[in-house]
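Overview (structure and organization)
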Amino acid sequence: MFLLAFKRLFKGKSLIVFSLCLGLAIPARAELRLPRLFSDNMVLQQGIRAPVWGWADPGELIVVDLEGQSAAATTGQDGRWSVRIGPLEAGGPFSLKISASSDTIRISNVLVGEVWLCSGQSNMALTLGDIKAAQTIAEAAAYPMIRQFQTKYATAAEPLEDVESSPQTAWLSTWEAGSSSSAQHFTAVGYYFALYLQQQLGVPIGLINNSVGGTVAEAWSGSSVFEDIRLAPILTEWPLYTQEYDWIRDTYADHLKAVEQARQQGLPEPLYFCQPSVLYNAMTAPLMPYGIRGATWYQGESNIYRAEQYRILFPALIRNWREGWSQGDFPFLFVQLTSYESGTGKWPELREAQKQGLALPNTGMAVTIDVGEADNIHPRNKKEVGRRLSLIARALVYGDSLLYSGPVCSSAVVQGNRCYLSFTQVGNGLVSRDSGPLAGFTAAGSDSLFYPASAVIEGDRVVVWSDEVTEPVSVRYAWADNPVGANLFNMDGDSLGLPALPFEWWREKGDLDGDGKVGIYDLLELLKVLGGAAARTALADLDANGKVDIFDLLTLLELL
């Protein structure tokens, strides 16, 4: 009777009021929520069905509207929902509306254009303010269609659903339109890349700045990368890598102190920012599958002592990101390490390792050895770096017919004491940048000792020789931390083009006559060696048993 009377008393009143009066518990409704990537001023990728996702109550109907286009989905048991809207045409500003039965979110000033991820370490993280690009910052107000989303720095042991917010720094983890106030903290390389593209394409450009100074490639790699048996040791050996640099050795020592303090207080142990996958988990995985055109990458300085490992790790990272985005082999453009007098002698090895990324489809590399600063690991000329990345994007992604690469050594033939190097990407011809003799070449014989070499241009080839080497088996170009004087370029019409890619060429074992291939004439050369006519052990010892004998003949026959 009491309940019946109570119901009559509150007839027509809300169930919530009624329940509160009875002191009954009501399950809380889940708030309609979006990832932080979806904010005012955002840029959506044109030409695709752009993913939009978020969270709400299980079983909730979600409707997404953008300028007359709509899509709907029902949330799963985990509360997550996802739709794709489009394909979208460039333009704006638009309003994006996301509606549920009990809530609506409106996002304003939305543009549709080209979205590029900008990631890596400090040379990508360096801002226009850092390089004191005052004029560029002042002019940024004229380019409000260039926008940036900067991911807040964070680490995580497992992939997160969303990037972290930053109440203390309002412009982190949100989109900002380009202006004279916001541009000072835009990535400098990314901004100049966007500026050149925007001027050429005439569409909005969105940058997702996902970079942290001092970081290693393995920290940006998902856990599946380390399923490769060649990379698995990183999971246990990474603390040893912290001893490679004085500054990182000190930061790791501070980290160990923080770990010990957390243990004593019974708190979760902090993660170190160069641990495998910790940046991928907290900063990259939450961005997936936001629609992007491609990625730009500037990293490698923190991996220079492990170039052989990087040959495997870097392509694995690219494949890992492409798998995570589920957008196919999206363009991945990267910057080769510039010149810097590190004193380690390791920089050319890492530059060579970076080139392994070019073996993957839709990749391109910007060479910058001519715009570095010997005494500054953070050279200020980020405008030219951004321009060169934009040239690659225009050629490989947007279909422009233009010169986007410096000369690339494609093959070599040895005749006597001379090595004839052939090149692709010669543009309108090979030239010396300063019109002087070519510099930066070295050559080695079978003893693998390198000597300074002379070089001259003959058409699309460069002829290299050294008086100290009777028969070259290897030639290097710009093979130094700071390759001063390296001056081989191509011509772009009547103007100087781009610098040649540093390279290291070794004659293949079995190519005994130096014609660039293993053929019947190498068999004749080996017979001479067996007869004592020559002693080219390094090339003719094909089975690596320490001597040239009949078994090398059998090995060569297999190669043929």
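All of these numbers come straight from a predicted model, not from anything done at the bench.

1. So, the sheet that holds strand E17 (residues 441–444)
The strand order E18-E17-E21-E24 describes an open sheet built from four strands, whose pairing is antiparallel. Strands with a single pairing partner mark the edges of an open sheet, and in this sheet they are strand E18 (450–452) and strand E24 (503–506). Looking at each pair of strands side by side, their axes are set apart by 20° on average, direction ignored. Examined bridge by bridge, E17 and E18 share three bridges and lie antiparallel to one another. Paired with Thr442 across the bridge in E18 is Pro452.

2. What to know about a nonpolar patch on the surface
Judged by side-chain polarity, Ile550, Phe551, Leu554 and Leu557 come together as a nonpolar surface patch covering roughly 390 Å² of accessible area. Mapped onto the secondary structure, Ile550 falls in helix H14 (residues 550–559).

3. Here's the deal with the pairing of strand E15 (residues 418–424)
In the sheet, strand E14 (residues 408–415) pairs with E15 via seven bridges, with the strands oriented antiparallel. Bridge assignment links Val413 to a residue of E15, and that residue is Tyr420. Between E14 and E15, which follow one another and run antiparallel, lie two residues, and Gly416 among them has a positive phi close to 65°. Relative to strand E20 (residues 461–465), E15 runs antiparallel, the two sharing five bridges. Note that in E20 the partner of Leu421 across the bridge is Val462.

4. A word on the nonpolar core
The nonpolar side chains of a soluble globular protein tend to be buried, and buried together. Formed by 111 residues in total, the largest nonpolar core has its most connected members in Phe38 and Phe441. At nine residues, helix H9 (residues 307–325) tops the list of elements feeding residues into this core. For Phe38, the contacting residues outside a window of four places in its chain are Leu44, Pro51, Val52, Trp53, Leu96, Ile107 and Tyr290.

5. As for unusual backbone geometry
Residue Pro93 follows Gly92 across a cis peptide bond; omega there is 5°. Cis geometry is found at the peptide bond from Met288 to Pro289, where omega equals 10°. In this fold, Pro289 is placed in the loop between helix H8 (278–284) and strand E11 (294–298). Its identity is not glycine, yet Ser435 carries a phi of approximately 65°, on the positive side.

6. Concerning the packing of aromatic side chains
Scanning the entire structure with this criterion turns up 26 aromatic pairs. Measuring from centroid to centroid gives 5.5 Å for Phe38 and Tyr290, while their planes differ by 65°, and the two rings are edge-to-face. One end of the pair, Phe38, is in the loop between helix H2 (15–22) and strand E1 (43–45); the other, Tyr290, is in the loop between H8 and E11, and 252 residues separate them in sequence. As far as burial versus exposure is concerned, Phe38 and Tyr290 are alike and both buried. Counting every residue linked through ring pairs, the aromatic cluster contains Trp297, Tyr310, Phe314, Trp321, Trp325, Phe330, Phe332 and Phe334. Its guanidinium or amino end placed over the ring of Phe450, Arg476 lies 3.9 Å from that ring's centre, counting from NZ or CZ.

About the criteria used
Residues numbered from 1 in each chain as written. Predicted model: local features only at pLDDT ≥ 70, side-chain atom pairs only at ≥ 80, totals over all residues. Heavy atoms only, no water. Pairing = 2+ DSSP bridges. Helix = DSSP H or I, 4+ residues; strand = E, 2+ residues; numbered from the N terminus. Axes fitted to C-alpha atoms, helices over the stretch in contact; angles between N-to-C directions. Patch = residues over 30% accessible without salt bridge, like charges linked within 9 Å, V, L, I, M, F, W, Y side chains within 5 Å. Areas by Shrake-Rupley, 256 points an atom, 1.4 Å probe, with all protein chains shown as cover. Salt bridge = Lys/Arg side-chain N within 4 Å of Asp/Glu carboxyl O. Core = buried A, V, L, I, M, F, W, Y, C linked by side-chain atoms within 4.5 Å. Buried < 20%, exposed > 50% of the residue type's maximum accessible area, 1.4 Å probe, protein only. Contact = heavy atoms within 4.5 Å. Phe/Tyr/Trp six-rings, centres within 6.5 Å; stacked < 30°, edge-to-face > 60°. Lys NZ or Arg CZ within 6 Å of the ring centre and 35° of its normal.

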